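Here is what each chain is made of, one letter per residue.
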2 protein chains.
Amino acid sequence: MDKKLRIGLIGLGARGSDLLPHAILPVEDAEVTAVCDLYEDRRLAAADVVWEKRQMRPAVYEDYHDVLKDPNVDAVVISASWEAHAPIALDAMRAGKITACEVGGAATLEECWDLVHTYEETKTPIMFLENCCYGRNELMVLNMVRQGLFGEIVHCQGGYRHDLRNEVSFGRENRHYRLNHYLNRNCENYPTHELGPIAKILNINHGNRMLTLTSMASSSKGLHSYLAREKGESYDLTSAQWNQADVITTSIRCAGGQTIVLTLDTTLPRYYSRGFHIQGTLGMFEEENESIFLDGVHNKDDFCWKNQWGNVESFREQYEHPIWKEFLESGVTGGHGGMDGLEFRSFVHHALTDQKMPIDVYDMAAWMCITPLSEMSIARGSAPVDIPDFTSGRWILPDWKENEL
Amino acid sequence: MDKKLRIGLIGLGARGSDLLPHAILPVEDAEVTAVCDLYEDRRLAAADVVWEKRQMRPAVYEDYHDVLKDPNVDAVVISASWEAHAPIALDAMRAGKITACEVGGAATLEECWDLVHTYEETKTPIMFLENCCYGRNELMVLNMVRQGLFGEIVHCQGGYRHDLRNEVSFGRENRHYRLNHYLNRNCENYPTHELGPIAKILNINHGNRMLTLTSMASSSKGLHSYLAREKGESYDLTSAQWNQADVITTSIRCAGGQTIVLTLDTTLPRYYSRGFHIQGTLGMFEEENESIFLDGVHNKDDFCWKNQWGNVESFREQYEHPIWKEFLESGVTGGHGGMDGLEFRSFVHHALTDQKMPIDVYDMAAWMCITPLSEMSIARGSAPVDIPDFTSGRWILPDWKENEL
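Residues numbered from 1 in each chain as written. Chains lettered and ligands numbered in written order. Predicted model: local features only at pLDDT ≥ 70, side-chain atom pairs only at ≥ 80, totals over all residues. Heavy atoms only, no water.

Caption draft 1: Region of the structure containing the sheet that holds strand S1 (residues 5-10) of chain A. All names here are of chain A. What the six strands build is an open sheet, ordered S3-S2-S1-S4-S5-S6; its pairing is parallel. Because the sheet does not close on itself, it has two edges, and the strands there are strand S3 (59-61) and strand S6 (126-128). The average angle at which neighbouring strand axes cross in this sheet is 25°, direction not considered. Across four bridges, S1 lies against strand S4 (residues 75-78) in parallel orientation. Along S4, the bridge assignment pairs Ile10 with Ile78. In the packing of helix H14 (residues 339-352) onto the sheet, contacts are made with S1, strand S2 (30-36), S4, strand S5 (98-101) and S6, and the angle to S1 comes to roughly 130°. Of the strands in this sheet, S5 and S6 touch helix H15 (residues 361-368), which is tilted by about 40° from S6. (Pairing = 2+ DSSP bridges. Helix = DSSP H or I, 4+ residues; strand = E, 2+ residues; numbered from the N terminus. Axes fitted to C-alpha atoms, helices over the stretch in contact; angles between N-to-C directions. Contact = heavy atoms within 4.5 Å.)

In structure tokens:
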């Protein structure tokens, strides 16, 4: 393809500065013509990375509005702090810049509606950068689900189970936005890594939708315990009022009767897991021991499942998703085990060919809204709350039933 | 000990007929002086087992009231259908027979209160036979929790994840009580295998209590799908209205701020798991890959946890629970990997020495009540419901804080 997508990258913290060399610049059809951050050191470092990799000098901006005015920018990638995602994405769509927005929970429900309405008014393409939709196991399971291997799907689980005690509690030193969130909010603050792949499996917004949820929050003990050991009791944040619970469990019920259980678990010591788990009438997948159980095949191992731990590898040859098959043949590149590279290749390809984005504004709104809804449910003693239908009823229509990813 | 406990065994289905040779008769301090069941073939078979193992002939009864009148019976073991547990246990306490009652959920909240009030009036010792409280991993984790290895416990999970499609849907052929439950009720119908060990860890009724819960039910697809393949669409139960959901998720919040998530998952193809999982400020245990994570020890394996799968074995030497240490030295006996034998030895020992039962009527009521409460929450669209305090406020008293097991 002759035409290249000229990208302005907004937000150059840990995420943006990792995406730039590992996911964006490796895509040949993309150029980075502008970089933007509130911090000068980050801006200059990013411009240097572009120069090193591509021998091009991007425009360097402090204010994201200047990126949106730059005629040499076709598209923006937003990897700013969580609370800045929606405002920047709204402005970008209004400015006609093709938009790719990093993940995080919404601040409010209204923000989710604004994203949908602004997309519907402007028709500016927007993609939500949920990289876990491109995870190898997630895509293989999706492929197996579409082929009917697990039968009718009835129940799914997922989690963001990641020890972030250092990142959160040293947020001032790290200039990290999570600090203010953990001090002030109490909610499923990062639902999309697990919910994204599950929503694709359950055809959310394409013949199915999420109806209602309840969230329950544990106490908040992890950060105090951690800081007391790392910094001592006299350090100011050690005795801070951390509003964010250590573990939040959110149960969601779908129109099709499926249940989804999400676990946020980020301030206790543990290993990393997305706790991906799906169950249907013919089989199941379990991430914690990387196994697949198929009815009629594995029943004799019911009580000695240890023998089957890790058996996902034996399904790769037959059921690897085509996206990954091609990717492996071409040599895996990009961060997070290849997921970031895949999602960027997909974004650039869809933008240049003017195709419907594989993770669209309705996905974005439906997944991000879990954050403020969980916050309300917790504040109301785990009362059930309604999940909006951002498609305004169109999820039931035959021409909405196609689900690209 | 000279004195032997003379036991009448009520209910000789799959559970009773397994307990008799594998858990009860191996206890030297116990005799079985009566057996009772509504079915003659079961009664006669049980009497033969007692004769074979002990060369004694027990009295044989059809009506459990006759067991309660038998002066040669000191204690009864109730392993009848779920709905019969409480009525028989109430009558047994009133008749002054030391009572051991098998597990299952309650029919109603009132039944739980009746058990508590009848115990308080009669003072007849009663033990709830939750064998998983004697599971090897459950006891090792309890031991580690008591020694502070995991820090302050914040979140626990457990499940009864067991493919019972054959047992349930062929309930007529098997004379199994589960059939009527699955046709009619929709609830967390078997909460105690997972909740029992967790309640001991969280000191429920001994300085802590469960305050509130929400339950969410998936659709019910597993039994229809299974029967359609096993028996065809024309078989009457294939198209039955199975009220019981395939998967039910129950979230519980405790006075101490801990959360407990229970999963009932019995009508989809899968391997057996109790999904036992605990997390504290210093570490965690995960059953799905039999691993323990300790802060400051395992952090470098955060993203390659596969290397640590199965590492529980490396903790046995130092942290095996004393009950299991002694048991292994004496040679494991009894069903379900030794748990059944341990709980029976414990019951007989506590009965003969007139000590407070290790799993008492307050545990029994608190654990069994989850069933009708989950049923109410589901019927109300997952609304939170209150969990009664069966100790009537005494759980906060210093002399109630001791927790034997």
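The structure having been displayed, the exposition proceeds.
Caption draft 2: Region of the structure containing the environment of Glu288 of chain B. Residue position: Glu288 of chain B is located in the loop between strand S12 (283-286) and strand S13 (291-294). Leaving out residues up to four positions away in the same chain, Glu288 of chain B has contacts with Glu286, Glu288, Asn289 and Trp309 of chain A together with Tyr271, Ser273 and Gly275 of chain B.

Caption draft 3: Molecular detail of empty space enclosed by the protein. Under the definition given, this model contains four cavities of 30 Å³ or more. Lining the largest cavity we find 24 residues, and of these Gln157 and Arg161 of chain A together with Gln157, Arg161 and Thr263 of chain B sit closest to its centre. Within the residue set of the lining of the largest cavity, elements represented by two or more residues are strand S7 (153-161) and strand S10 (259-265) of chain A together with strand S7 (153-161) and strand S10 (259-265) of chain B. Here the lining of the largest cavity is composed, by residue class, of two nonpolar, 16 polar and six charged. (1 Å grid on protein atoms, 1.4 Å probe; cavity = no way out; pocket = protein on both sides within 12 Å on 5 of 7 lines; lining within 4 Å. Points joined across faces, edges and corners; volume = space filled by probe spheres on them. Nonpolar A, V, L, I, M, F, W, Y, C, P; charged D, E, K, R; others polar.)

Caption draft 4: Summary view of the sheet that holds strand S5 (residues 98-101) of chain B. Residue and element names in this part refer to chain B. With parallel pairing, six strands are arranged side by side in an open sheet as S3-S2-S1-S4-S5-S6. Two strands in the sheet have a free side with no partner beyond their single neighbour: strand S3 (59-61) and strand S6 (126-128). Ignoring strand direction, the axes of neighbouring strands in this sheet form an average angle of 25°. Note: S5 against S6, three bridges, orientation parallel. Considered in S6, the bridge of Thr99 is made with Ile126. Its contacts with the sheet place helix H15 (residues 361-368) against S5 and S6, and it is angled at close to 40° to S6.

Caption draft 5: Spotlight on the interface of chain A and chain B. The partner chain B presents 62 residues to the 62 residues of chain A that form the contact. Counting each side, the surface lost to burial between chain A and chain B is near 4,800 Å², with a carbon and sulfur contribution of 59%. Remark: the boundary between chain A and chain B carries eight salt bridges. Its salt-bridge partner being Lys306 of chain B, residue Glu290 of chain A comes within 3.2 Å of it at the nearest N-O pair. Contributing elements (two or more residues each) for the side of chain A that touches chain B: S7, strand S8 (210-217), helix H11 (222-230), strand S9 (247-254), S10, strand S11 (277-280), strand S12 (283-286) and strand S13 (291-294) of chain A. Split by residue class, the side of chain A that touches chain B holds 19 nonpolar, 26 polar and 17 charged. (Buried area = accessible area lost by both parts, 1.4 Å probe. Salt bridge = Lys/Arg side-chain N within 4 Å of Asp/Glu carboxyl O.)

Caption draft 6: Inspection of the state of the cysteines at higher detail. Residue and element names in this part refer to chain B. Inspection of the entire model under this criterion finds zero disulfides over all chains. In this model Cys187 remains outside any disulfide bridge; the closest cysteine sulfur is found in Cys112, 12 Å from its own. The buried category is assigned to Cys187, whose relative accessible area is 1%. Looking at the unpaired Cys254, the closest cysteine sulfur is the one in Cys156, lying at 7.8 Å. On the basis of relative accessible area, Cys254 is assigned to the buried category, the value being 1%. (Disulfide = S-S within 2.5 Å. Buried < 20%, exposed > 50% of the residue type's maximum accessible area, 1.4 Å probe, protein only.)

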